[in-house]
Amino acid sequence: MRVAERERRAIRMPTIVGLSVGLVGIVGVFLVRALTPALGPWSLPNRVQDLLTLSISVIIESLPFVVLGILLSILVQVWVPDRWIMRILPRNAFLRRVTISFLGVFLPVCECGNVPLARGLMVKGFTVSESMTFLLAAPIINPITILTTGQAFGFDSWVFAARLVGGFVIANLIGWLYAKHPDQDSLLTDRFAAECRLPDPHEHDQTRWQKSVELFTRESAVIMPALFIGSLIAGLVQVAVPRSVLLSLGSNPLWSILAMMALAFVISVCSNVDSFFILPFASTFMPGSIAVFLLFGPIIDIKMLTLMRTTFRAKVLVQLTVIVGLLSALIGLVVNYLA
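Residues numbered from 1 in each chain as written. Predicted model: local features only at pLDDT ≥ 70, side-chain atom pairs only at ≥ 80, totals over all residues. Heavy atoms only, no water.

A. Region of the structure containing the overall build of the protein chain. In terms of regular secondary structure, the protein chain is built from 16 helices and 0 strands. Counting all 339 residues of the protein chain, 51% fall into the buried class. For the protein chain, restricting intrachain contacts to residue pairs at least 6 apart in sequence, the fraction spanning at least 24 positions comes to 82%. Approximately 15600 Å² of the protein chain is accessible, and the part contributed by carbon and sulfur atoms is 70%. (Helix = DSSP H or I, 4+ residues; strand = E, 2+ residues; numbered from the N terminus. Buried < 20%, exposed > 50% of the residue type's maximum accessible area, 1.4 Å probe, protein only. Contact = heavy atoms within 4.5 Å. Areas by Shrake-Rupley, 256 points an atom, 1.4 Å probe, with all protein chains shown as cover.)

B. Main features of the nonpolar core. Among the nonpolar cores identified, the biggest contains 60 residues, and Ile278, Ile290, Met308, Phe312 and Leu320 are the most heavily contacted of them. With 7 residues, the top contributor of residues to this core is helix 12 (residues 253–267). Among all residues touching Ile290, those that are not within four sequence positions of it are Phe153, Val159, Met260, Ile278, Phe281, Ala282 and Phe285. (Core = buried A, V, L, I, M, F, W, Y, C linked by side-chain atoms within 4.5 Å.)

C. How the structure looks around the packing of helix 8 (residues 158–179) against helix 16 (residues 314–338). Contact geometry for helix 8 and helix 16: axes closest at 10 Å, N-to-C directions at 145°. Handedness of the crossing formed by helix 8 with helix 16: right-handed. Note on element contacts: helix 16 touches helix 8 through Val316, Gln319, Leu320, Ile323, Val324, Leu327, Ser328, Ile331, Val335 and Leu338, opposite Trp158, Ala162, Gly166, Ile170, Leu173, Ile174, Leu177 and Tyr178. Counted by class, the contact of helix 8 with helix 16 contains 15 nonpolar, 3 polar and no charged residues. (Axes fitted to C-alpha atoms, helices over the stretch in contact; angles between N-to-C directions. Left-handed = near helix turned anticlockwise from the far one by under 90°. Nonpolar A, V, L, I, M, F, W, Y, C, P; charged D, E, K, R; others polar.)

D. Main features of helix 12. In this model, helix 12 (15 residues) spans 21 Å end to end at C-alpha, consistent with the 21 Å of a helix rising 1.5 Å per residue. All buried positions along helix 12 are accounted for by Ser256, Ile257, Ala259, Met260, Met261, Leu263, Ala264, Val266 and Ile267. Looking one or two residues past helix 12, Ser268 carries a phi angle of roughly 55°, positive in sign. (Expected span 1.5 Å × (residues − 1).)

E. Structural view of the side chain of Thr189. Tracing the chain through its elements places Thr189 in the loop between helix 8 and helix 9 (190–197). When its relative accessible area of 10% is taken as the criterion, Thr189 is described as buried. If we ignore the near neighbours within four places in the chain, the residues touching Thr189 are Arg309, Thr310, Thr311, Phe312 and Arg313.

F. Quick look at the packing of aromatic side chains. Applying the stated criterion across every chain yields a total of 2 aromatic pairs. Both rings, one in Phe102 and one in Phe168, keep their centres 5.5 Å apart while their planes meet at 35°; by these two values the pair is tilted. Highlighted residues: Phe102 in the loop between helix 4 (93–100) and helix 5 (111–124) and Phe168 in helix 8, separated in sequence by 66 residues. A centroid spacing of 5.3 Å and a plane angle of 70° characterise the contact between Phe155 and Phe160, whose relative ring orientation is edge-to-face. By relative accessible area, which is 10% here, Phe160 ends up buried. (Phe/Tyr/Trp six-rings, centres within 6.5 Å; stacked < 30°, edge-to-face > 60°.)

G. How the structure looks around the pattern of salt bridges. One pass over the structure, following the stated rule, counts 2 salt bridges. Of the charged contacts in the structure, one is a salt bridge between Arg96 and Glu130, with a shortest N-O distance of 2.6 Å. Of the two residues, Arg96 sits in helix 4 while Glu130 sits in helix 6 (residues 128–137), which places them 34 residues apart along the sequence. Given a relative accessible area of 14%, Arg96 falls into the buried group. One salt bridge in this structure joins Arg313 and Asp190, with 2.7 Å as the shortest N-O distance. Of this pair, Arg313 sits in the loop between helix 15 (302–308) and helix 16 while Asp190 sits in helix 9, and the two are 123 residues apart along the sequence. (Salt bridge = Lys/Arg side-chain N within 4 Å of Asp/Glu carboxyl O.)

H. Up close: the confidence of the model for the protein chain. With 73% of its residues at a pLDDT of at least 70, the protein chain reaches an overall mean of 78. Across the protein chain, the element-wise mean pLDDT spans from 60 in helix 1 (residues 2–35) up to 95 in helix 8. The low-confidence segment residues 1–7 (pLDDT under 50) makes 7 contacts with residues lying over four places distant or belonging to another chain. (pLDDT = per-residue confidence, 0-100.)

I. Looking closely at the side chain of Ser328. Along the chain, Ser328 turns up in helix 16. Exposure remark for Ser328: the relative accessible area of 0% places this residue in the buried category. Looking at Ser328, its side chain comes within polar contact range of the main-chain oxygen of Val324, at 2.7 Å. The residues touching Ser328, leaving out its near neighbours within four places in the chain, are Ile170, Val292, Leu295 and Phe296. (Polar contact = N/O pair within 3.5 Å; in protein donor to acceptor, adjacent residues only side chain to side chain.)

Put into structure tokens, the structure is as follows:
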């Protein structure tokens, strides 16, 4: 009990600091952007204004899904019985991960909201590899993404098929790879691993509502600073890298894929709307590169990496980036060859 209490106290102070940094940072960006026109001749340079505008757009797009993801995480951790979740999943490890990869159909949250939800699933008893499978598949295999991709490119297009099949294959392949790891807990950050070790709060006479409030505060303190920092970085890179550089590479089968991976990494647009964002590029880029954008972006981008860093060690994120990048590029090359 004393060890658990020490771990709880060690988490409490970073929670307060993290929540303060995240909220102050997000509100501060909005205030600076709102006050810029009132400065008149002393207004900020155009590049700084563009940085603020782009960063705010990422925050506005992501924040509702982050909050929804935290609420769903609380629902899973506090209000849904353990037996109910585990009972519906197959015991076979492979079939279990396949089933988990379709959970996004019932939990249609954008990729940024899936991070707190995946954290909640791990606290609930999912292994790291199972949570990774959900985290990578859910942004693509969910009804909103399926509908928007089909409307943008057609339900019988190569882009549509490559995105859905590719997302399923990549998520399950990575889940299988990390299931072979001898110590999956070592893939997690020390802080999150400590949270997973905390005893059931019901043993301390907390009500479900009290636990829900505590979890919302703690998850917000972890996710909000990451969202703020990731949005600023995404905006900064977009301002610094001209899109004309990427567009000039659109007709080459290989370079168009690499250019779209770079664009997806920088733009950090939500998977629920990225099909309509990239649709204007379809006239200049090959279909395989468009498919790569729609595959790589929801899993690996600046915003997503900063959010996942709250849960996974840096070396894990490097491994994920390399594996997802190679698999996405391979799928894109196949589409370019067949389409």
